Amino acid sequence: GHWQNSIRLFARVQARWLIRLSELGQVDAATRRNLLFDRARQRWRAQSPQTPIIAAGVTSASPALARMLRTIADLPQGAVILPDLDLMMSDAAWEELGRAGSAPEPGSEAFGSKDALTHPQYHLKLLLARMGIAREEVQPWHRRGLGAAEPARSRAISSLFLPPQASKAWVNLTPDQRQLSGVRMMTSATLEEEAQAIALLVREALETPEKRVAVISADRGLARRVVQHLARWNISADDTAGQPLSLTPAGRLMGLLAEIVSHGPRPVNLVAALGHPLVLSDNANARGDWLANLRRFELHLRGPEPAPGLEPLRIIAHEAQVTTWWQSVETTLTSLDLGTEETLFAEALDRLTSAAQELAGERVWAQADGRALSALMEDHRFHARDCDAMIAPDDIAGVLRDAMDEVAVRPPYGGHPRVAIYGLLESRMARADLMICGGLNEASWPQAPSADALLAPAILRALGVPGSEFRIGLAAHDLAGAMGAPEVVLSRAQRDTQGPTRPSRFVLRVEALLGEGLAQKHCEQAIAQILPRIDRSPPPVHERYPRPAPNPSAALRKVAISATALDQLLGDPYQFYARAILGLKPLEPLAADPFSDPALRGTLVHDILDAWHKARLEKPDLPLLPFAHERLAKSNPHPLVWGLWRPRIMAALSRFEQWIDAAREDGREVLASEAWGAMEYRGVRVHGQADRIDRLADGTLAIVDYKTGKPPTKKETAAGYRLQLGVLGLIAREGGFARARGEASETLIQGQTSAFEYWSLRKVGEAFGEVSAPMKLSSRESGLEPDEFLPRHEARLQEAIERYILGSDPFTAKENPDYPGYSDYDQLMRLEEWAYEIGQEPEERA
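About the criteria used
Residues numbered from 1 in each chain as written. Predicted model: local features only at pLDDT ≥ 70, side-chain atom pairs only at ≥ 80, totals over all residues. Heavy atoms only, no water. Helix = DSSP H or I, 4+ residues; strand = E, 2+ residues; numbered from the N terminus. Rg over C-alpha atoms; globule rule 2.2 N^0.38 Å. Buried < 20%, exposed > 50% of the residue type's maximum accessible area, 1.4 Å probe, protein only. Lys, Arg positive; Asp, Glu negative; His and termini not counted. Charge placed at Lys NZ, Arg CZ, Asp CG, Glu CD. Salt bridge = Lys/Arg side-chain N within 4 Å of Asp/Glu carboxyl O. Contact = heavy atoms within 4.5 Å. 1 Å grid on protein atoms, 1.4 Å probe; cavity = no way out; pocket = protein on both sides within 12 Å on 5 of 7 lines; lining within 4 Å. Points joined across faces, edges and corners; volume = space filled by probe spheres on them. Nonpolar A, V, L, I, M, F, W, Y, C, P; charged D, E, K, R; others polar. Axes fitted to C-alpha atoms, helices over the stretch in contact; angles between N-to-C directions. Parallel < 35°, antiparallel > 145°, perpendicular 65-115°, else oblique. Pairing = 2+ DSSP bridges. Core = buried A, V, L, I, M, F, W, Y, C linked by side-chain atoms within 4.5 Å. Expected span 1.5 Å × (residues − 1). Patch = residues over 30% accessible without salt bridge, like charges linked within 9 Å, V, L, I, M, F, W, Y side chains within 5 Å. Areas by Shrake-Rupley, 256 points an atom, 1.4 Å probe, with all protein chains shown as cover. Phe/Tyr/Trp six-rings, centres within 6.5 Å; stacked < 30°, edge-to-face > 60°. pLDDT = per-residue confidence, 0-100. Disulfide = S-S within 2.5 Å.

*Asks:* Got a minute to help me understand the overall build of the protein in this structure?
*Replies:* A tally of helices and strands in the protein yields 32 helices and 18 strands. Scaling as 2.2 N^0.38, a compact globule of 846 residues should have a C-alpha radius of gyration of about 28 Å, whereas the protein reaches 37 Å, well beyond that. With 846 residues in all, the protein has 47% of them scored as buried. Across the protein, the 97 positively charged side chains and the 109 negatively charged ones have centroids separated by 5 Å.

Spelled out as structure tokens, the structure:
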């Protein structure tokens, strides 16, 4: 049913297209090309040209082109040079390729289902059939057989690609007839190793004067890797297949600006566009000032993504003290705001072009990629303005990216004169002393067949449209031609970026033809021995990197201790050293989503509850859920995460509100939220922030800590982890908390703390939200007794101060391997180089 509907759709489109062409009095591009071919053919037949006409390297077999080629072949000074036609194939094998479009019945399939479409000679037989020329009429040119190889290898290559019935002759081939002299096979473990091995082969070949090298691959990623590896030895090799315009500097800048048009000035695209290498690249001083302002702006921009629009960004720029710089940026961004309604495509392109020139000046158009981008933009603007094309702003980035992907940018001048990197198309007429065929895996060489979503394969064949089998034959023809070089290397990798690979069917044929014994003799051995020594050579002998244990001076040690860092100081002193003494703090990501990042999600919930408690000073009965919903919406969360996390958070906050109101009825009062406090302990400042401090009915205090995930357990607190609440209790005992609820800001909160609570948003049973305590509350529980909770924390605090702040103990990395801390500084401490010692040396664990 799908194919039938597709045929009907195709027929309707075809009919309307023909009617439209008739109304315009025009023809489509394919018809125009065929008419030009026929016109040239008729002109040459009527009067032979005085100059030679040569058609070389043609592989297409379209009927109009075949007719023109026949005319050229018949000219007195005409010649048709067919690339790598196999004149050594037997007549039986040639006939086995099929009728190749020569069936006499009108309306019959152009590409028969019984034809050997995947054979490398099929398209040439099809071309000869449509030219009306027999293979016996073709004369060999200056080369013998396939490529420039000796006749023995030419016969072996011909045997390699024989069709099924003819390939039975393999059993009668002698070893010397199977051998592919001059052909080596190379298998690498990964794509990166393959690129490096190919680069080594190129460098080795260039040691021979006048020796030319060509690398052929359908995998452009592999080609780019080879180019980079060759650059290590100052060998400049250009990929003649080019690079997509969208990946060039000019294309990237235009793509980033288009993303801003389609999706607004989001942090990632905005910072990438403003920091692009082309921006103010013609003025070093101005660019330096520009980047300095951009970095200050970016530091303040990191964290949760701001709300859409320019106003939040304007506020961030004011906070970063780059207001003057931002005014010039905002002028450019304002010109890119096309709203949400459809607009003229030409106007959108005009604005993008102007914005690019404002940022980068003439440098955006200066190089080869800039000239290609200029031609693309001018072409699209001309046609868009000619037909008043409309486009939705959301579609501009995708449309422009697809258009740039189709444009290949090639360097205006060559690299090394004896090195070339080709795609399959470019390699057909290339010759070199060493041909390296890389990426010989299925889905690369040959490329994976793509199914047509509109018409069935049989219908495509009836219409004369080549299918995937025909393209496989062309890929086989390209390989057969490359294998005719004096020296050939067939290379593949066992793994690529996606995972394990399958060897190309062509490689399997080579291995089958050679047999197990000859295949081993054809394997490349030298490179496999050299490669491990290039980048993986043993490091110079030096002492093993020790476990870090910095020991700063007494003056540097005298730093404050935060309530959250006490257990870190005792469990992993190096992390405390890196953060508190060195002052190194991890940067938040750009456009971080508070819902998907646990730390940011916790900060968001804390801010909501803090704002709600402060709002209740004037409105004691203010409901929490509407208030929280409004604050959540202002955080600009991702729609998917909003749908997943908002119900969970709202359900937990609903229980929080019920518990707070019920406790208020029992005489419990909220004194402060997000209260900062500090105290002096043995001359060391100890500070921290309490999420909430309550006054209980008996006059004692309760300190509450909000958690979005699983709260610390009683066992963890007893073991010396998660000491935050105990330290906050010590600060409250000393009267270190200010900003009491309902009183003057200098009023202190002082008293004995009798309750320590974790209020968590996690799911417990069928409900969200729970309240737990870090100490033992019943005889059935384990943990610290209430009367020993604060003394134990005070002893821990005293130990930490005596050993590290006022003492001389080194800040040893991972002193307690069981400490469940963060890993922000693992790379700085080079953990992987010595971590195994933790499990091998008991004295270090002790």
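*Asks:* Just checking my understanding: could you explain unusual backbone geometry for this structure?
*Replies:* Only a minority of non-glycine residues have a phi that is not negative, and only a minority of peptide bonds are not trans. In this chain, Trp445 is followed by Pro446 through a cis amide linkage whose omega measures 5°. Relative to the helices and strands, Pro446 resides in the loop between strand 10 (434–437) and helix 18 (457–462). Phi is positive for Asp84, close to 55°, though the residue is something other than glycine. Mapped onto the elements of the fold, Asp84 is located in the loop between strand 2 (78–81) and helix 4 (91–96).

*Asks:* Sorry, what's going on with the pattern of salt bridges here?
*Replies:* Side chains bearing opposite charge may pair, as long as their charged atoms lie close to each other. For the structure shown, the criterion picks out 44 salt bridges. For Glu524, the salt bridge identified is with Arg184, shortest N-O distance 2.6 Å. Separated by 340 residues along the polypeptide, Glu524 in the loop between helix 20 (505–521) and helix 21 (526–535) and Arg184 in strand 3 (residues 183–190) bring together distant segments of the chain. Residues joined by salt bridges that share partners form a network here, namely Arg184, Lys211, Glu487 and Glu524.

*Asks:* Would you take a moment to explain the side chain of Ser444 for this structure?
*Replies:* Note on placement: Ser444 falls in the loop between strand 10 and helix 18. Ser444 gets classed as buried once you look at its relative accessible area, which sits at 15%. Ser444 has contacts with Ala218, Asp219 and Gly439, leaving out every residue within four places of it along the chain.

*Asks:* Looking at this structure, how should I read empty space enclosed by the protein?
*Replies:* Vacant regions in the atomic arrangement are exposed by a probe of water-molecule size rolled over the atoms. In total, this model carries four cavities of 30 Å³ or more according to the counting rule given. Counted as a void, the largest cavity has a volume near 60 Å³. Looking at the largest cavity, the residues that line it are Pro83, Asp84, Ile216, Ser427, Arg428, Ala430, Arg431, Met435, His477, Asp478, Gly481 and Ala482. Here the lining of the largest cavity gets four residues from one element, more than from any other, and that element is helix 19 (residues 468–482). Here the lining of the largest cavity is composed, by residue class, of five nonpolar, three polar and four charged. Lining the second largest cavity are ten residues, with Asp86, Pro120, Ile157, Ser158 and Phe161 sitting closest to its centre. The residue inventory of the lining of the second largest cavity, partitioned by class, reads six nonpolar, three polar and one charged.

*Asks:* Just to check I follow, could you spell out the layout of surface pockets for this structure?
*Replies:* Of the volumes computed, that of the largest pocket is approximately 2,000 Å³. Lining the largest pocket are 50 residues; nearest its centre among them are Thr564, Arg579, Ala599, Gln724 and Tyr822. Those elements that place two or more of their residues in the lining of the largest pocket are strand 13 (561–562), helix 23 (566–571), helix 24 (573–581), helix 25 (598–615), strand 14 (669–681), strand 15 (684–695) and strand 16 (701–707). Of the residues forming the lining of the largest pocket, the biggest block, seven residues, is contributed by helix 25. Looking at side-chain class alone, the lining of the largest pocket contains 22 nonpolar, 14 polar and 14 charged residues.

*Asks:* So what exactly am I meant to see when it comes to the packing of helix 15 (residues 345–360) against helix 17 (residues 393–405) here?
*Replies:* Packed helix pairs are characterised by how far apart their axes lie and by the angle those axes make with each other. Helix 17 packs onto helix 15 with a crossing angle of 75° between their chain directions and a minimal axis gap of 12 Å. Taken as axis vectors, helix 15 and helix 17 run roughly perpendicular relative to one another. On the side of helix 15, the interface is formed by Phe345, Ala348, Leu349 and Leu352, while helix 17 contributes Ile396, Val399 and Leu400. Tallied by class, the residues present in the contact of helix 15 with helix 17 amount to seven nonpolar, no polar and no charged.

*Asks:* Any chance you could explain the packing of helix 10 (residues 249–263) against helix 16 (residues 368–387) here in plain terms?
*Replies:* Put simply, helix 10 and helix 16 touch, their axes get as near as 7 Å, and they point 45° apart. Here helix 10 is positioned oblique relative to helix 16, judged by the angle of their axes. Taken together, the residues of helix 16 that come into contact with helix 10 (itself represented by Pro249, Ala250 and Met254) are Asp369, Gly370, Leu373 and Met377. For the contact of helix 10 with helix 16, a count of residues per class yields five nonpolar, one polar and one charged.

*Asks:* Whenever I open this one, the pairing of strand 10 confuses me. Can you help?
*Replies:* Look at any regular strand and the pattern is simple: side chains alternate between the two faces of the sheet. Burial along strand 10 is two-sided: Leu434 and Ile436 facing one way and Met435 and Cys437 facing the other are all buried. Pairing of strand 10 with strand 11 (residues 487–496) involves four bridges; the strand directions are parallel. Among the inter-strand pairings, Met435 is bridged to a residue of strand 11, identified as Val488.

*Asks:* Would you explain the nonpolar core in this entry?
*Replies:* A general trend in soluble globular proteins is that nonpolar side chains are found buried together. Trp445, Leu479 and Leu490 are the most contacted members of the largest nonpolar core, which totals 69 residues. Setting aside chain neighbours within four positions, we find Leu490 in contact with Val183, Arg184, Met185, Met186, Cys437, Leu440, Leu479, Met483 and Val510. Ala317, Leu333, Leu336 and Ala372 belong to the second-largest nonpolar core, a separate cluster that totals 56 residues.

*Asks:* Before we go on, may I ask you to explain helix 15 in this structure?
*Replies:* Residues spaced three or four apart along an α-helix face the same direction, because each turn holds 3.6 residues. If you check helix 15, its first and last C-alpha atoms are 23 Å apart, about what 16 residues at 1.5 Å a residue would give, namely 22 Å. Of the residues making up helix 15, those classed as buried are Phe345, Ala346, Ala348, Leu349, Leu352, Thr353, Ala355, Ala356, Leu359 and Ala360. Directly beyond the C-terminal end of helix 15, a positive phi value near 65° is found at Gly361.

*Asks:* Is there a simple way to think about a nonpolar patch on the surface in this case?
*Replies:* Among the surface-exposed residues, Leu9, Phe10, Val13, Leu454, Leu463 and Val465 lie close enough to one another that they form a single nonpolar patch of about 460 Å² accessible area. Relative to the helices and strands, Val465 resides in the loop between helix 18 and helix 19. Residue classification places Val465 among the partly exposed residues on the basis of a relative accessible area of 36%.

*Asks:* Honestly, the packing of aromatic side chains in this entry has me stumped. Any pointers?
*Replies:* Aromatic ring pairs are described here by two measures, namely the spacing of the ring centres and the angle between the planes. Counted according to the given criterion, the structure contains 16 aromatic pairs. Seen from their ring centres, Trp325 and Trp326 are 6.2 Å apart, and the 50° between their planes marks the pair as tilted. Comparing Trp325 with Trp326 shows no difference in burial state: the two are buried. Through pairs of rings, three or more aromatic residues link up here, namely Tyr574, Phe576, Tyr577, Tyr804 and Phe811.

*Asks:* When you look at the confidence of the model for the protein in this model, what are you seeing that I'm missing?
*Replies:* Parts of the model with low pLDDT should not have their predicted coordinates read in detail. Confidence in the prediction for the protein averages 87 pLDDT; 92% of positions are at 70 or higher. Confidence over residues 103–109 falls short of pLDDT 50; this stretch has five contacts with residues more than four positions distant or in other chains. Every residue in residues 840–846 scores below 50 in pLDDT, and together they form six contacts with partners more than four places removed in sequence or on other chains.

*Asks:* Mind showing me how you'd approach the state of the cysteines here?
*Replies:* By definition, a disulfide is the covalent link that joins the sulfur atoms of two cysteine residues. Evaluation of the coordinates by the stated rule reveals zero disulfides. Between Cys437, a free cysteine, and Cys523, which holds the nearest cysteine sulfur, the sulfur-to-sulfur gap is 16 Å. The class of Cys437 is buried, set by a relative accessible area of 0%.

*Asks:* Just checking my understanding: could you explain the environment of Gln498 for this structure?
*Replies:* Here Gln498 lies in the loop between strand 11 and strand 12 (499–500). On a C-alpha basis, the gap between Gln498 and Asp282 in space is 40 Å, while along the polypeptide they are 216 residues apart.

*Asks:* Explain a negative patch on the surface to me, please; I cannot follow it from the model alone.
*Replies:* Together, Glu341, Glu342, Asp394 and Asp395 make up a negatively charged patch on the protein surface. Following the sequence through the fold, Glu341 ends up in the loop between helix 14 (323–335) and strand 6 (343–344). Owing to a relative accessible area of 60%, Glu341 belongs among the exposed residues under this scheme.

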